[in-house]
Amino acid sequence: MLDGLDRSPTSQALENLTQALRVLDMAETTNEVLCPDPLVVVRAEIENARRYLALTDENVSLN
């Protein structure tokens, strides 16, 4: 079963930022050929967090 599908936008943004930090921590120790460049993953997670935070801002302005 998939976990995390009921997260709020703010909670999801926090998860994305947590993942970005996790990748940065692993960047020095990962030598896998199939893994994307850590900076690509970090940028993607930060962009995802921005999108979820924008959803939160939209919900606040609608109320």
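Residues numbered from 1 in each chain as written. Predicted model: local features only at pLDDT ≥ 70, side-chain atom pairs only at ≥ 80, totals over all residues. Heavy atoms only, no water.

Draft legend 1. Representation of the environment of Ala44 within the structure. On the secondary structure map, Ala44 appears in helix 2 (residues 38–62). The sequence separation of Ala44 and Gln19 amounts to 25 residues, and the corresponding C-alpha distance is 10.0 Å. (Helix = DSSP H or I, 4+ residues; strand = E, 2+ residues; numbered from the N terminus.)

Draft legend 2. Representation of the pattern of salt bridges within the structure. Summed over all chains, the structure comprises two salt bridges. With its nearest N and O atoms 3.5 Å apart, the salt bridge here joins Arg50 to Glu47. One end of the pair, Arg50, and the other, Glu47, are both in helix 2, three residues apart, so they sit about a helical turn from each other. The partly exposed category is assigned to Glu47, whose relative accessible area is 30%. Two residues, Glu47 and Arg51, come together in a salt bridge whose shortest N-O distance is 3.8 Å. Here the residue Glu47 and the residue Arg51 both occupy positions in helix 2, the gap between them amounting to four residues, near one helical turn. Beyond isolated ion pairs, a larger network of salt bridges with shared partners links Glu47, Arg50 and Arg51. (Salt bridge = Lys/Arg side-chain N within 4 Å of Asp/Glu carboxyl O. Buried < 20%, exposed > 50% of the residue type's maximum accessible area, 1.4 Å probe, protein only.)

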